[in-house]
Amino acid sequence: MKQAWWLIFALAVSSVTAEDFSAESFSFDISQYERKTWELSGYLQGTAQTLQPNQQSLFSELSASQTAYQRYLAELELSGLYRWQTTTLYALAKIQTLHQPTLTDNQTETDADFYQLYLHYQPNQNWQFELGQRALRWGRGYAFNPVAVLERPKDALDPDLAREGFVLANAEWVKSFADWGSVSLTAVVLPVSEDLNAEFGQKQTWNNALKFSWQFGKTDLDWIWRSDGSRPEAFGFAFSHSLAVNFALHGEALWLQRSLILVDSNGVMSQQTKTGADILLGLRYLTNQETTWIAELYHQANAYTSGQMTDFYAYAETASPIALQNLISRSRYLAPQAMQNYLSVKVSQKEPWNWLYWTVGLGLITNVEDRSSIVTPEIIYSGLMNWEGRMRLNYFVGDDLSEYGERQNAWRAEVQIRYHF
Amino acid sequence: MQKLLKPALLALLIFSHQAWSAAEFDANALLKQVDEKLSPPSYEMYRKLINIEPDGKRKEFVLYSVKKGQDKMLALFLDPASERGRSTLRLGDNQWLYIPNVGRPLRITSLQSVVGGVFNNSDIMQLDFHVEYSATLLEETADQWLLELKARHQAVAYDRLKMWVDKASQSPLTIEAYASSGMLIKTLRYSEMKDFGHGIKRPSQLQTDSPLFKGHKSVMLFSGIKPRAFADEVFSLSFMPRVGELRQ
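Residues numbered from 1 in each chain as written. Chains lettered and ligands numbered in written order. Predicted model: local features only at pLDDT ≥ 70, side-chain atom pairs only at ≥ 80, totals over all residues.

A. A look at the overall build of chain A. Helices and strands together make up the secondary structure of chain A, namely three helices and 18 strands. Here chain A has a C-alpha radius of gyration of 24 Å; the compact-globule value for 421 residues is 22 Å, and the two agree. With the principal axes as the frame, chain A shows a C-alpha extent of 75 × 55 × 50 Å. Looking at chain A residue by residue over its 421 residues, the buried ones come to 27%. (Helix = DSSP H or I, 4+ residues; strand = E, 2+ residues; numbered from the N terminus. Rg over C-alpha atoms; globule rule 2.2 N^0.38 Å. Buried ≥ 20, exposed ≤ 12 C-beta atoms within 10 Å, placed from the backbone.)

B. Fine view of the confidence of the model for chain A. The share of residues in chain A with pLDDT of 70 or more is 93%, and the mean pLDDT across the chain is 90. For the stretch residues 1–23 of chain A, pLDDT sits under 50, and the model shows 18 contacts to residues farther than four places along the chain or on other chains. (pLDDT = per-residue confidence, 0-100. Contact = placed C-beta atoms within 7 Å.)

C. Inspection of the pairing of strand 13 (residues 291–299) of chain A at higher detail. All names here are of chain A. By the alternation rule, side chains of strand 13 split into Thr-292, Ile-294, Glu-296 and Tyr-298, which are all buried, and Thr-291, Trp-293, Ala-295, Leu-297 and His-299, of which none is buried. For strand 12 (residues 269–286) and strand 13, the ladder comprises eight bridges, and the chain directions are antiparallel. In the strand pairing of strand 13, Tyr-285 is matched with Trp-293. Linking strand 12 back to strand 13 in an antiparallel pair, the connection comprises four residues, with Glu-290 at a positive phi of about 65°. The sheet contact formed by strand 13 and strand 14 (residues 341–350) spans nine bridges and is antiparallel. Bridge pairing links Trp-293 to Val-347 in strand 14. (Pairing = 2+ DSSP bridges.)

D. Local environment of the environment of Tyr315(A). Take Tyr315(A): it is sitting in helix 2 (residues 306–318). Residues Tyr315(A) and Ser265(A) lie 50 residues apart in sequence; the distance between their C-alpha atoms is 4.4 Å.

E. Structural context of the nonpolar core. Membership of the largest hydrophobic core comes to 57 residues, with the highest contact counts inside it found for Leu63(B), Leu74(B) and Leu147(B). Apart from residues no more than four positions distant in its own chain, Leu147(B) is found in contact with Ala27(B), Leu31(B), Ala135(B), Thr136(B), Leu137(B), Leu138(B), Met163(B) and Val165(B). In terms of nonpolar packing, the next biggest core, distinct from the first, is built from 18 residues, Leu190(A), Ile224(A), Ala238(A) and Leu254(A) among them. (Core = buried A, V, L, I, M, F, W, Y, C linked by C-beta atoms within 7 Å.)

F. Up close: the pairing of strand 7 (residues 133–140) of chain B. Residues and elements named next belong to chain B. Two elements, strand 7 and strand 8 (residues 144–151), share seven bridges in a ladder whose sense is antiparallel. Following the sheet pairing, Glu-140 is matched in strand 8 by Trp-145. Remark: three residues form the turn of the hairpin made by strand 7 and strand 8, two consecutive strands paired antiparallel.

G. Representation of the interface of chain A and chain B. Listed as interface residues are 48 residues of chain A and, on the opposing side, 50 residues of chain B. Listed by contribution, the elements that provide at least two residues to the side of chain A that touches chain B are strand 6 (166–177), strand 7 (181–191), strand 10 (234–244), strand 11 (247–263) and strand 12 of chain A. Sort the elements by how many residues they give to the side of chain A that touches chain B and strand 6 of chain A lands first, with four residues. For the side of chain A that touches chain B, the per-class residue count stands at 18 nonpolar, 15 polar and 15 charged. (Nonpolar A, V, L, I, M, F, W, Y, C, P; charged D, E, K, R; others polar.)

H. Looking closely at the confidence of the model for chain B. Residues and elements named next belong to chain B. Confidence along chain B averages 85 in pLDDT terms, with 85% of residues attaining 70 or more. By mean pLDDT, the top-scoring element of chain B is strand 9 (residues 160–166) (96), and the lowest-scoring one is helix 1 (residues 2–38) (63). Interface confidence for the predicted complex, expressed as ipTM, amounts to 0.84; the pTM equals 0.85.

I. A look at unusual backbone geometry. Each neighbour pair has its own omega, and for Asp79(B) with Pro80(B) the value is 0°, a cis peptide bond. Among the secondary structure elements, Pro80(B) is positioned in the loop between strand 3 (72–79) and strand 4 (87–91). Positive phi values are uncommon outside glycine, yet Asn386(A) reaches one of about 70°. With respect to the element layout, Asn386(A) can be found in the loop between strand 16 (373–381) and strand 17 (387–397). A positive phi is found at His198(B), a non-glycine position, where the angle reads about 55°. If you trace the backbone, His198(B) turns up in the loop between strand 11 (184–197) and strand 12 (200–210).

So this is what it looks like as structure tokens:
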């Protein structure tokens, strides 16, 4: 493995040397940038991770290892398109190989999947139609998007990570007005059957959704509706608004009914169904020193309360690993944000101390109720043409019987190198 | 005597005010003319940004931009591969950034930088000078005007500019950009006059250096500037993932 890292390093160095031209030879040939029938791009990425299991966790027996272990992930993302008159075929595919040398079983796994594969037809600037596997992205939030009603869950620790889309059809109409900004209406149909979009929900039916958006001056607004189908009916609203040139607010709200699997301290399970609003309120602020602050408060109406989590932890202390694993797979107790109130803060500084192409950042996700947190410092370098390096640590902080204090890992450190082509 | 002095002073005040207003009007009219020389009201263009480090290493960005009227601009990164597909939309003081992996446009603060280097976002997404600045004439020589440009609103990255304009071509030659504290942030130098066709004759190269990044230099090359009409819907959030389709 060490040899592989040396190879990556050597490639990086040779790439820099190749760019070291004379300072005065400027040329610009735009013919290579004209629109072509097909395009292909992507990246190759290597990630080395060290994970330290939390031996004090109630769930440590469920961990893959009781001592620190390494994981190596190689990833190839390919993105392509093929144009034919006013129709375009888009594809996004990922091949990932995960190698875990210190674990006894499942040492190497390889996955290859299409994340998106769809046809896009745009007869004019007002209308567009799409058909196929498509990852929609609805909402205005950074770490959380309650109104993302047709998407797979977002990883709040890495919100920009590509996610697999569902097979759907959608149509969008856009109209701009001289004095009233622009409006758009999107209609989506997402079928669920045994073989299609089965992960969206158990009920096999047609799911419909509408989104009406209005961008007017300093404000963007979205109204969202999802029909009762494989998931419950939901109504959503999202906004973003610029208060000043360096300060913007955003928010989302989603009204829906959600069911939760509960367990009491004796292991008796029940189901709680409740209707309420998931609410997100956030801000983005840029200081004079080019420090970007993104802060978000997130409330989930039907998530676990402190009392319900206490019952779960009491049960976990006495339950057998098999029974506990069974409960965890059926419930949301160990889901990324299992409880009701969270605060997310991301601070990033571009080019600190005038270091060109460096970015340093610090992320924090705090469970407001039990005061446990995930702290994520990171440093990114993008100064080499088409190369990007990132070092990051996820450190879980919290008391016993708190959400992040009971996580299976105490921390995770990673080094990532990505080459774009 | 006092009876005579008062009207005389008043007349002097009115006259001087009118003269100052006329000077301001002329400078703003000139600035508008400079803008018209640089680009037509609605157009497309390609730009290459080259960041050169003190040791000669380079990082290059290629952008395709379209603009309509005084306040609508859309730019798409074509190179390097790490930035490809990113687009930025500017509608007046409002800006959005679209990143393919994120998959949706995000409203960003209008001063947010989307690319590293001596050029910043305001250089890339700059609207016409006369829209963002009001001008006064500081100095006039046989072949140049020196204008002082004051930001009309806070969304502009530079509080004050000094612009040297060539009388013959009515093109800017040098621009010094100052912060509100009076500190010189960067100097921009236009060069390489080129006939782009369609009556557009303007500098095709812009070099920048900054006392904040000693030894670093950035160059912007302009190409393929041509007038083109666009529907208003092109400058909407929905269109941001498809900017590349506008290329011909």
